[in-house]
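Below, each chain spelled out in residue letters.
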Amino acid sequence: MPSKLPIFPGPRTARGAVLAILLSNADQAGAEPLRGRVTLAAIVRTLKRKYHWPIETTSFPSNAPDGRATWATVYSLPAEVIAAAMDGRGRDWLRSSTGDR
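The shown structure was predicted, so the numbers you read here are calculated from the model rather than taken from an experiment.

**Student:** Whenever I open this one, helix α1 (residues 14-24) confuses me. Can you help?
**Tutor:** Helical periodicity: at 3.6 residues per turn, an α-helix aligns residues three or four positions apart in one direction. Regarding α1, the residues found buried are Ala14, Gly16, Val18, Leu19, Ala20, Leu22 and Leu23. Of the surrounding elements, those touching the buried residues of α1 are α2 (40-49), β2 (69-76) and α3 (79-98). Backbone geometry just downstream of α1 places Asn25 in the positive-phi region, at approximately 60°.

The following block contains the structure:
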């Protein structure tokens with residue numbers, strides 16, 4: 001079965017905010033676009049399953065602020081996926097997600 005082409009979510013949604021961070025290859029510190037409504041992991045899962053973005057996940061051991069051992073997870077898009085998205089309609093979509101004209 002051929003893989004499906006990625007779909008851009010609404011630019012002003014939480015999914016759009018997370019995808020904008022991934023496409024801009026910027027670091028996401030915390031869950032700023034989420035505001036406690038849903039977890040980042042849930043949004044990434046939706047972007048992968050419903051919107052067909054090949055998001056890569058890397059987890060590693062870390063420490064919580066209170067000293068407990070925990071896991072940290074980093075999400076990213078492969079460079080070739082970012083390049084293809086930007087060559088397509090990605091630049092315009094990214095501008096609309098950040099409010100640039």
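**Student:** I would appreciate a short explanation of the packing of α1 against α2 in the present structure.
**Tutor:** Helix packing geometry: the angle between the two helix axes and the distance between the axes. At a minimum axis distance of 10 Å, the contact between α1 and α2 shows a crossing angle of 85°. In this view, α1 runs roughly perpendicular relative to α2, as classed from their interaxial angle. Residues Ala14, Arg15, Val18 and Leu19 of α1 form the contact with α2, whose own contacting residues are Leu40, Ile43, Val44, Thr46 and Leu47. The residue inventory of the contact of α1 with α2, partitioned by class, reads seven nonpolar, one polar and one charged.

**Student:** I would appreciate a short explanation of the packing of α1 against α3 in the present structure.
**Tutor:** Interaxial distance between α1 and α3 falls to 10 Å at its minimum, and their mutual angle equals 130°. Regarding the angle of α1 to α3, the classification is oblique. Here α1 runs over α3; the crossing is left-handed. From α1, Gly16, Leu19, Ala20, Leu22, Leu23 and Ser24 reach across to α3, where they touch Ile82, Ala85, Met86, Trp93, Leu94 and Ser97.

How each quantity is defined
- Counting of residues starts from 1 at the beginning of each chain's written sequence and follows it residue by residue.
- The predicted origin of the model limits local features to residues at a pLDDT of at least 70 and limits the giving and counting of side-chain atom pairs to 80 or more, whereas totals for whole chains, interfaces and linings rest on all residues.
- Side-chain figures throughout are based on the complete set of non-hydrogen atoms in the structure, without hydrogens or water.
- Buried, partly exposed and exposed residues are distinguished by accessible area as a fraction of the type maximum, computed with a 1.4 Å probe on protein chains only: under 20%, between the cut-offs, and over 50%, respectively.
- Secondary structure follows DSSP: runs of H or I at least 4 residues long count as helices, runs of E at least 2 residues long count as strands, and numbering of each begins at the N terminus.
- It only takes one pair of heavy atoms within 4.5 Å for two residues to be counted as in contact.
- Lines fitted to C-alpha atoms define the axes here, with helix axes fitted over just the stretch in contact, and angles between the N-to-C directions of these axes take values from 0 to 180 degrees.
- Roughly parallel means an angle under 35 degrees; roughly antiparallel means over 145; roughly perpendicular covers 65 to 115; every other angle is labelled oblique.
- The residue classification treats Ala, Val, Leu, Ile, Met, Phe, Trp, Tyr, Cys and Pro as nonpolar and Asp, Glu, Lys and Arg as charged. All others, Gly included, are polar.
- A clockwise turn of the near helix away from the far one marks a right-handed crossing, whereas an anticlockwise turn of less than a right angle marks a left-handed crossing.

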